[in-house]
Amino acid sequence: MIRFLAVGVLSLCAVAPALAGAPALHSGKYEGLMLAVTPEHQVEGYYAEAMGEGVTRSCTFYLQGKPDALTTWNDEAYPGSVAPSSDGVTLTVKEGRQHPGCLNVLMPEIATGLDLTQTANKKWIGLVTVSADKAYLLKTPTAKPVKRPYIVKNDVVGVLAFKDGWAQVEFINAQSRSFTGWISQDQYSRLSAPKP
């Protein structure tokens, strides 16, 4: 009996680290993908990639839902998934190259699993799109926007906190510099996947 118990304990000891070491999704930048893991363990994301000099071609789309059953959308909605990998995430959208502009920009592997390396770890709990023409990043809610950085309409930003009609957001510019501040709820729109 003790021998069977010892074997059972050893088996558990061998399995526990494997389960504990299983990668989990984390908010952050993964090459062209901004990914936020919400408190409800859903994901919100924004993929943006451009190529070319002078005349550039670009591919952008949003994603939202459970990691293994996402909706991705720009003009049309397509199903997809995102899973953790050893150094980032694997994004899969079978019809991903059908999003506007994506055929000439997005790698064909998007259909079977595109590996994206994590470039920045973040604490985002969601993503929002700026709806105001200009939104100053305030030090505190209701502070005066004196010589503060600002974000502009259609920028997608990571959310660090929601509080009393305000969102504390983080904007990352093209040079990978980060700017944080508060914007009011009339200056942003939450991501909302289209209904099938």
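Residues numbered from 1 in each chain as written. Predicted model: local features only at pLDDT ≥ 70, side-chain atom pairs only at ≥ 80, totals over all residues. Heavy atoms only, no water.

### Remarks on the overall build of the chain
From N to C terminus, the chain includes one helix and 15 strands. Counting every position in the chain, which comprises 196 residues, the buried fraction comes to 38%. Restricting the contact set of the chain to residue pairs at least 6 apart, pairs at least 24 apart contribute 51%. Total accessible area on the chain is roughly 11700 Å²; 55% of this is exposed by carbon and sulfur atoms. (Helix = DSSP H or I, 4+ residues; strand = E, 2+ residues; numbered from the N terminus. Buried < 20%, exposed > 50% of the residue type's maximum accessible area, 1.4 Å probe, protein only. Contact = heavy atoms within 4.5 Å. Areas by Shrake-Rupley, 256 points an atom, 1.4 Å probe, with all protein chains shown as cover.)

### Here we look at the packing of aromatic side chains
Summed over all chains, the structure comprises five aromatic pairs. Their ring planes at 65° and their centres at 5.7 Å tell us that Tyr136 and Tyr150 sit as a pair that is edge-to-face. Note that Tyr136 is positioned in strand 10 (residues 134–136) and Tyr150 in strand 11 (residues 150–152), a separation of 14 residues in sequence. Classification of Tyr136 as partly exposed rests on a relative accessible area of 29%. Residues Phe162 and Tyr188 carry aromatic rings whose centres are separated by 6.4 Å and whose planes lie at 45° to one another, so their mutual orientation is tilted. Placement of Phe162 in strand 12 (residues 156–163) and of Tyr188 in strand 15 (residues 188–190) is noted, with a sequence separation of 26 residues between them. Among the aromatic residues, ring-to-ring pairing joins Tyr46, Tyr62 and Trp73 into one connected group. (Phe/Tyr/Trp six-rings, centres within 6.5 Å; stacked < 30°, edge-to-face > 60°.)

### Some words on the pattern of salt bridges
Scanning the model with the defined rule gives one salt bridge in all. One salt bridge connects Glu170 with Lys122, and the closest N-O pair in it is separated by 2.8 Å. With Glu170 in strand 13 (residues 166–172) and Lys122 in the loop between strand 8 (114–121) and strand 9 (126–130), this pair connects stretches of sequence that are 48 residues apart. Both residues of the pair, Glu170 and Lys122, count as buried. (Salt bridge = Lys/Arg side-chain N within 4 Å of Asp/Glu carboxyl O.)

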